Amino acid sequence: MIDLAVVNASRLQFALTALYHFLFVPLTLGLSMILVIMEAVYVMTGREIWKRMTRFWGLLFGINFAMGVATGITMEFQFGTNWAYYSHYVGDILGAPLALEGLVAFFLEATFVGLFFFGWERLSRVGHLVVTALVALGSSLSALWVLIANAWMQHPVGAQFNPRTMRMELLSFSEVLLNPVAQAKFVHTAAAGYVVGSVFVLAVSAWYLLRGRNVDIARRSMAVAASFGLACALSVVVLGDESGYLASDNQKMKVAAIEAEWRTEEPPASFTVFGFPDVQARTTHAALRVPWLLGLIATRSIDTPVSGIVDLVARARVRIESGIEAHAALRALRANPADAAAQARFAAHQADLGYGLLLLRYVNDPSAATSRQIDEAAWSTVPNVPVLFWSFRVMVGLGLFFILLFATAFYLSARHRFEQNRWFLRIAFFSLPLPWIAAELGWIVAEYGRQPWSIDGVLPTFLGVSVTPVTNVWLSLAGFVLFYSALAVVDVYLLVRMIRRGPDGLGYWPPERAASGVP
Amino acid sequence: MPDYATLRLIWWLILGALLIGFAIMDGFDLGIGATFRFVGRTDEERRALLESIEPVWDGNQVWFIFAGGAVFAAWPLLYAASLSGLYLVTFALLFALILRPVGFMFRNKIAAARWRDAWDWALLIGGAVPALLFGVAFGNLFLGLPFHFDELQRPVFTGGFFGLLRPFALLAGVVSLSMLIMHGSVYAALKVGEPMSVRAAAVGRVAALVYAICFIAAGIWVASVLAGHQIASQANMFGPSNPTAKDVAVYQGAWLVNYRVHRILWLVPASALLAAVVTWSLLGARRPGVAFLSSSVTLAGTILTAGIALFPFLMPSSTQPDQGLTVWDASSSARTLFLMLVAVGVFLPVVLAYTAWVFRVLRGRITLEEIRRHAGRY
């Protein structure tokens, strides 16, 4: 009944296109903010060099922005092409934040981004700064809306299943809007984007300083990146979105998988810094543990237990059995909507309907599932522990490294000591790819860790796919791989070319030394 | 809160308004994209044509993105069934659209002729292919698409890619392409200096004629050949969105029932056609400013003509007509419709206001002298 080949190809395509899109999004978020800071300094001090900085980084921003727009168009429509049942099942709720993203954020960002490039001679200084700020606001707002949608997938609140339409329907938009997971996710993701932008500016500026080129611009850019980056890197780590993870059973499962916490410990639980999670044996080998730390991080208390995987699976099994009841009652209701006994039975078990749907992977009629199939379904609620365990640790390690990097940059910048410390410039330059690795791993932790659900506890991922021939999906996937690879080559080529040419090679302004007003 | 049927009707109107907004705004840059390589003969001429749309195409395209999001929010069944059913068409459209942002941004960054040529072709595909495919998709709605729902209410599509390229659908594609080329040419005649504006006006006149002929041909085809759909059972306009609970009659001429019942509606296709003729003559008289208005009327009239013919159908099914999607059984819940109505009521006027301001800031013609003064701002 479920074509797993379509499921796997569709998942692969979504993951690839989302990860690829997310190479450009955080840089857009971060660079747009940095452009606002630089242009604000220009407007306040009137010094031309800050305008040149804004235009130079704006040029690189533009190349990246185009890639973000190009790869973003497909994201919106993929829900419909590849995840048709998902779109029908939750469109009543998820459509709203995605539409609002277009209406409130994309219009703003996209309408004003043209004026950023074409408005320098047509607008007053303050007018242009406002335009830049609106672009930055638009890009951050789009992150807000998309994360409200994403948070609902992680923690679906304010909605209920309607047997007459066979889908989830909205009960309270304010609950969807004020979802605690959304708030945690937005702050974390936006700050991560700002870190990506700051590391980008820091690394490119370090390269100029190492070469002794564009020194005035590079020094000032480093100062901006160092201070903005330090604040954001601190926010990313302190406001990590793990705080939202205790809202539901499935989120608890994600935390347990990240920590390879197989069994519930006496609170406060210890934190496994390092180890080798063994899925078969359900244990972690060579574990290096810090007492109390996990309990403190995950629950912000010393007496709340952090549930272990084995216990959560046992709980999932109970919910699957209840979900079988819900599914049977739903069938009865489809045949006869007025059946009072079925209505009562559905009302009692509807919260677990999604767990019943997990069985559709193994059997057409959940009521006919064997005890072994139920066990299998219960264990399918555990995401890939080693992948989550390691992704999370590398991400956090990088986060801590960025704090150190920006703190050092900040210190050196305050003391005007960049050129004397070439070792630091080299480190800063070679740090260039790291924030992207951290951001992509963050996506993997959040979304791969959500498996097997597309909507936690409501709709299993495998059930959400479109009924379409697998050849179609392979065709579109092949198209993406070819097309996106070619675009990546062109994008990197252009960025490198523009960076090598540098601010003084762009033809917008006279060479640096000849320019007046440069201190 | 208005009742459910009213909300559904309002959302059908909003969907129409968004498509019209998209056609008027993004339509001109798609049209210029499809023709600038021929209207502009040298690199400078092409740059001038591109610069007329570079600052605004991205905001224009959000009409398309937002219309997509609005369909997801207001008509989730339509969103699910149409995009998965038109799988390869959608991806052809998306790949073409992907070429635009990078094409605009990358083209002028390097002066080599081969580089610019390659991006010019990419931009041409990115303009012409979507303009054609939007029409093909609309044409397929008139023909009905081969889909039904299974017991879980999953949309199941039983057709293939080439089944969508039927003659009537291709004719509708030509209607859409010629209409947007006309619109883009009008905008180019308005925004760009000579000699490009003169050539654009000539292209626009040809396009207006092609449009008029194809529009009439499509109308005759719909009236005399095509089998239309009508709801045969009592339509429950207030009921839950379940597209499998009605009976549909299929017979030739059914797409004209709305026009027969409300004769005043004939004014809509008539004004679309008339406005195209007016555009043709205004372009000849070198009045591109007014021509932009008349060409916009053609766009709006064409979309409304199709919408009225299909109403209340959103996406008829050719294989299981009873399960075709209509305004009354494919919407989201009343709560979501109302919420989104409020959001559109509050935010769309703001969007229109700042969009108007941006166009005002960018007013004026782009001449070759101006293009020669700078290497490219984008």
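Residues numbered from 1 in each chain as written. Chains lettered and ligands numbered in written order. Predicted model: local features only at pLDDT ≥ 70, side-chain atom pairs only at ≥ 80, totals over all residues. Heavy atoms only, no water.

1. Quick look at the overall build of chain A
Now for step 1: A count of helices and strands for chain A gives 17 helices and six strands.
Now for step 2: In terms of overall size, chain A behaves like a compact globule, its C-alpha atoms giving a radius of gyration of 25 Å where 519 residues would be expected to give roughly 24 Å.
Now for step 3: Taken over the C-alpha atoms alone, chain A extends approximately 85 × 50 × 40 Å along its principal axes.
Now for step 4: The buried share of chain A, reckoned over its 519 residues, is 61%.
Now for step 5: Sequence-distant contacts, at least 24 apart, represent 77% of the contacts inside chain A between residues at least 6 apart.
Now for step 6: Approximately 19000 Å² of chain A is accessible, and the part contributed by carbon and sulfur atoms is 64%.
Now for step 7: Looking at charge distribution, chain A has the averaged site of its 38 positive side-chain charges lying 11 Å from that of its 35 negative ones. (Helix = DSSP H or I, 4+ residues; strand = E, 2+ residues; numbered from the N terminus. Rg over C-alpha atoms; globule rule 2.2 N^0.38 Å. Buried < 20%, exposed > 50% of the residue type's maximum accessible area, 1.4 Å probe, protein only. Contact = heavy atoms within 4.5 Å. Areas by Shrake-Rupley, 256 points an atom, 1.4 Å probe, with all protein chains shown as cover. Lys, Arg positive; Asp, Glu negative; His and termini not counted. Charge placed at Lys NZ, Arg CZ, Asp CG, Glu CD.)

2. A closer look at the nonpolar core
Now for step 1: Counting 271 residues, the largest nonpolar core has A:W57, A:Y89, A:L103, A:F200, B:W75 and B:F106 as its most contacted members.
Now for step 2: The leading source of residues in this core is helix α3 (residues 84-118) of chain A, at 21 residues.
Now for step 3: Not counting residues within four places of it along the chain, the set of residues in contact with A:F200 comprises A:L27, A:L31, A:W57, A:L60, A:L432, A:W436 and A:I499.
Now for step 4: In terms of nonpolar packing, the next biggest core, distinct from the first, is built from 29 residues, A:I258, A:W262, A:L312 and A:V385 among them. (Core = buried A, V, L, I, M, F, W, Y, C linked by side-chain atoms within 4.5 Å.)

3. Some remarks on the confidence of the model for chain A
Now for step 1: Taken as a whole, chain A shows an average pLDDT of 88; of its residues, 94% reach a score of 70 or greater.
Now for step 2: Mean pLDDT across the secondary structure elements of chain A bottoms out at helix α9 (residues 293-299) of chain A, with 69, and peaks at helix α1 (residues 4-45) of chain A, with 95. (pLDDT = per-residue confidence, 0-100.)

4. Re the pattern of salt bridges
Now for step 1: Within the structure shown, the criterion is met by 21 salt bridges over all chains.
Now for step 2: Ionic pairing is found between A:E325 and A:R345, a salt bridge with its closest N-O pair at 3.0 Å. Taken together, the residues A:E325 in helix α10 (residues 309-335) and A:R345 in helix α11 (residues 340-349) connect sequence positions 20 residues apart.
Now for step 3: On the basis of relative accessibility, which here comes to 31%, the residue A:E325 falls in the partly exposed class.
Now for step 4: Overall, A:R345 belongs to the partly exposed group, its relative accessible area being 35%.
Now for step 5: One network of salt bridges, in which partners are shared, links B:R37, B:D43, B:R46, B:R107, B:R116, B:D117 and B:D120. (Salt bridge = Lys/Arg side-chain N within 4 Å of Asp/Glu carboxyl O.)

5. Examining the confidence of the model for chain B
Low pLDDT marks stretches whose predicted atomic positions should not be read closely.
Now for step 1: Per-residue confidence for chain B averages 92 on the pLDDT scale, and 99% of its residues sit at or above 70.
Now for step 2: Model confidence for the complex is summarised by a pTM of 0.91, with the ipTM given as 0.92.

6. A few points about unusual backbone geometry
Among all residues save glycine, negative phi is the norm, and among peptide bonds the norm is trans.
Residue and element names in this part refer to chain A.
Now for step 1: Cis geometry is adopted by the peptide bond preceding P452, which originates at Q451 and carries an omega value of 10°.
Now for step 2: Tracing the sequence through the fold places P452 in the loop between α16 (434-448) and β5 (453-455).
Now for step 3: Its identity as a non-glycine residue notwithstanding, N214 has a phi of 45°, on the positive side.
Now for step 4: Within the fold, N214 resides in the loop between α6 (180-211) and α7 (215-238).
Now for step 5: Residue N214 is classed as buried on the basis of its relative accessible area of 4%.
Now for step 6: Positioned with a positive phi, H416 is a non-glycine residue whose angle comes to about 55°.
Now for step 7: With respect to the helices and strands, H416 occurs in the loop between α14 (385-414) and α15 (422-430).

7. Description of the interface of chain A and chain B
Now for step 1: With 80 residues of chain A in contact, the opposing surface of chain B contributes 74 residues.
Now for step 2: Around 7000 Å² of area is buried between chain A and chain B when both sides are counted, 74% of it from carbon and sulfur atoms.
Now for step 3: Three residues stand out in chain A for area buried against chain B, namely A:F77, A:F107 and A:F118, and they jointly supply 11% of the buried area on that side.
Now for step 4: The tally of links between chain A and chain B comes to zero salt bridges.
Now for step 5: The interface formed by chain A and chain B contains 15 residue pairs in polar contact (both at pLDDT 80 or more).
Now for step 6: Among the elements that line the side of chain A that touches chain B, the one with the most residues is α3(A), at 25 residues.
Now for step 7: Among the residues making up the side of chain A that touches chain B, the classes are represented as 49 nonpolar, 20 polar and eleven charged. (Buried area = accessible area lost by both parts, 1.4 Å probe. Polar contact = N/O pair within 3.5 Å; in protein donor to acceptor, adjacent residues only side chain to side chain. Nonpolar A, V, L, I, M, F, W, Y, C, P; charged D, E, K, R; others polar.)

8. What about the packing of aromatic side chains?
Any two aromatic rings considered together are summarised by their centre-to-centre distance and by the angle between their planes.
Now for step 1: Following the criterion strictly, the structure yields 58 aromatic pairs over all chains and no others.
Now for step 2: Relative to A:F116, the ring of A:F61 has its centre 6.4 Å away and its plane inclined at 70°; by these criteria the two rings are edge-to-face. Here the residue A:F61 occupies a position in helix α2 (residues 48-82), and A:F116 occupies one in helix α3, the gap between them amounting to 55 residues.
Now for step 3: A relative accessible area of 3% places A:F116 in the buried class.
Now for step 4: The interplanar angle of 75° and the centroid separation of 5.4 Å between the aromatic rings of A:F107 and B:W63 together place this pair among those described as edge-to-face. Residue A:F107 is found in helix α3, and its partner B:W63 is found in helix α3 (residues 57-74); the two belong to separate chains. (Phe/Tyr/Trp six-rings, centres within 6.5 Å; stacked < 30°, edge-to-face > 60°.)

9. Looking at the packing of α2(A) against helix α4 (residues 76-85) of chain B
When two helices pack together, their arrangement is given by the angle between the helix axes and by the axis-to-axis distance.
Now for step 1: Their axes nearest at 6 Å, the elements α2(A) and α4(B) cross at an angle of 85°. Put simply, α2(A) runs roughly perpendicular to α4(B). On α4(B), the residues touching A:E76, A:F77, A:F79, A:G80 and A:T81 of α2(A) are B:Y79, B:A80, B:L83 and B:S84.
Now for step 2: Residue composition of the contact of α2(A) with α4(B), by class: five nonpolar, three polar and one charged. (Axes fitted to C-alpha atoms, helices over the stretch in contact; angles between N-to-C directions. Parallel < 35°, antiparallel > 145°, perpendicular 65-115°, else oblique.)

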